[in-house]
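Observations on the model geometry
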Amino acid sequence: MDRTLSTLRIEPLSRHYFRAQWEALDAVARERKWLVYLQAPPYAVCEEFFETMMGAQGVMMQALDGERVVGWCDVRRSENEISKHCGTLGMGIIDGYRGAGLGARLMESTLATVKQMQMGIERVELTLWSTNARAYRLYQRMGFIDEGRKIAARRIDGQTSDVILMAKIL
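These numbers were taken from a predicted model, which means no experiment stands behind them.

Side note on the packing of aromatic side chains
All chains considered together, the criterion is met by four aromatic pairs. Seen from their ring centres, tryptophan 22 and tyrosine 43 are 5.9 Å apart, and the 85° between their planes marks the pair as edge-to-face. Of this pair, tryptophan 22 sits in helix α1 (residues 18-29) while tyrosine 43 sits in helix α2 (residues 43-53); the two residues are 21 residues apart in sequence, bridging distant segments of the chain. What links up through ring pairs into an aromatic cluster is the set Phe18, Phe49 and Phe50. Against the face of tryptophan 22 rests arginine 19, its NZ or CZ located 5.4 Å from the ring centre. When the ring centre of tyrosine 43 is taken as reference, the NZ or CZ atom of arginine 19 above it lies at 3.8 Å.

A few points about the pairing of strand β6 (residues 145-156)
Sheet topology note: the β6/strand β7 (residues 159-169) ladder contains eight bridges and is antiparallel. Residue pairing for β7: arginine 149 is matched across the bridge by isoleucine 164. Hairpin connection of β6 to β7: two residues between the antiparallel strands, including aspartate 157 at a positive phi of 50°.

Some details on the pattern of salt bridges
Using the criterion set out here, one finds ten salt bridges in the structure. The salt bridge involving glutamate 125 is made with arginine 123; its shortest N-O contact spans 2.8 Å. By relative accessible area, arginine 123 is classed as buried at 19%. If you follow the salt bridges from partner to partner, you end up with Glu31, Asp95 and Arg98 in one network.

Observations regarding the sheet that holds strand β2 (residues 58-65)
The strand order across the open sheet formed by seven strands is β1-β2-β3-β4-β5-β7-β6, and the pairing between neighbours is mixed. What marks the edges here is a single partner per strand, and that holds for β1 (9-12) and β6. Across the sheet, the axes of successive neighbouring strands diverge by a mean angle of 25°, strand direction being ignored.

Brief notes about the nonpolar core
Of all hydrophobic cores here, the largest spans 50 residues; its most connected members are Leu89, Met91, Leu102, Leu106, Met107, Tyr139 and Phe144. With seven residues, the single largest contributor to this core is α1.

Details of unusual backbone geometry
For glutamine 118, which is not glycine, the phi torsion reads 50° and is therefore positive. On the secondary structure map, glutamine 118 appears in the loop between α3 (102-116) and β5 (123-129). Phi angles above zero are rare outside glycine, and alanine 152 is one such case at about 50°. Relative to the helices and strands, alanine 152 resides in strand β6. The class of alanine 152 is partly exposed, set by a relative accessible area of 45%.

Describing the pairing of β5
Here β5 lies mainly inside the structure; five of its seven residues are buried. Pairing analysis gives three bridges linking strand β4 (residues 86-93) to β5, with the strands arranged parallel. Bridge pairing links glycine 87 to valine 124 in β5. For the crossover that starts at β4, traverses α3 and ends in the parallel β5, the hand is right-handed. The pairing of β5 with β7 spans seven bridges and is antiparallel. Pairing of valine 124 across the sheet is with lysine 168, part of β7.

The rules behind each value
Residues numbered from 1 in each chain as written. Predicted model: local features only at pLDDT ≥ 70, side-chain atom pairs only at ≥ 80, totals over all residues. Heavy atoms only, no water. Phe/Tyr/Trp six-rings, centres within 6.5 Å; stacked < 30°, edge-to-face > 60°. Helix = DSSP H or I, 4+ residues; strand = E, 2+ residues; numbered from the N terminus. Lys NZ or Arg CZ within 6 Å of the ring centre and 35° of its normal. Pairing = 2+ DSSP bridges. Salt bridge = Lys/Arg side-chain N within 4 Å of Asp/Glu carboxyl O. Buried < 20%, exposed > 50% of the residue type's maximum accessible area, 1.4 Å probe, protein only. Axes fitted to C-alpha atoms, helices over the stretch in contact; angles between N-to-C directions. Core = buried A, V, L, I, M, F, W, Y, C linked by side-chain atoms within 4.5 Å. Right-handed = clockwise from strand over helix to strand, strands pointing away.

Dropping the structure here:
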C-alpha cells in the first residue's frame with residue numbers, strides 16, 4: 001500500500017464514485033477468491049444496485065484513496081416482508097490495501113451508519129468462503145457468530161470450499 005491507512009477517507013457511497021465503485025468490485029471479483037462474482041455484473045446492473053444502496057434499502061460506505069475506491073462495505077435490507085429486520089453484509093478491499101485494518105474501519109463505519117439511520121435492521125448476516133481466514137477472524141472480532149456451514153458449496157477453478165454463514169444482532 002502506497003499510503004498509510006490514515007490518509008484513506010471513509011465516505012458514504014455517492015453517484016460521483018459509481019464508476020470507481022464498479023471498477024473496484026470488478027478488480028476484487030476477477031481475483032476469483034473472495035466474492036460470489038468472477039467479474040462485476042454489467043455496469044447498468046451495478047448502477048441500479050448502487051441507487052438502492054443510497055435509498056432506504058441499505059448503506060454502503062467506501063474507502064477512497066484520492067478518487068480511487070479501494071474498498072467498500074455495505075448492508076442491504078431484506079426485501080422479504082418477514083425479514084425486513086435483517087440485512088446482508090458485503091464487503092471487499094482491492095489488492096494492496098488489505099491487512100492494515102481497513103476492513104475493520106469500513107465495517108465499523110457501516111454498522112454505525114445502519115444504527116444511526118434507524119433503518120429497522122436488527123440482524124446482519126453474511127457468508128464467506130472457508131478459505132478466507134483473514135475475513136473470518138475480522139468478522140469474529142466484530143461480533144459475528146457462526147450459524148452454520150454449507151459443505152463444499154463453492155467451486156472455482158476446480159477448488160471446492162465450504163460457505164460459512166455468520167450473523168450479528170445489532
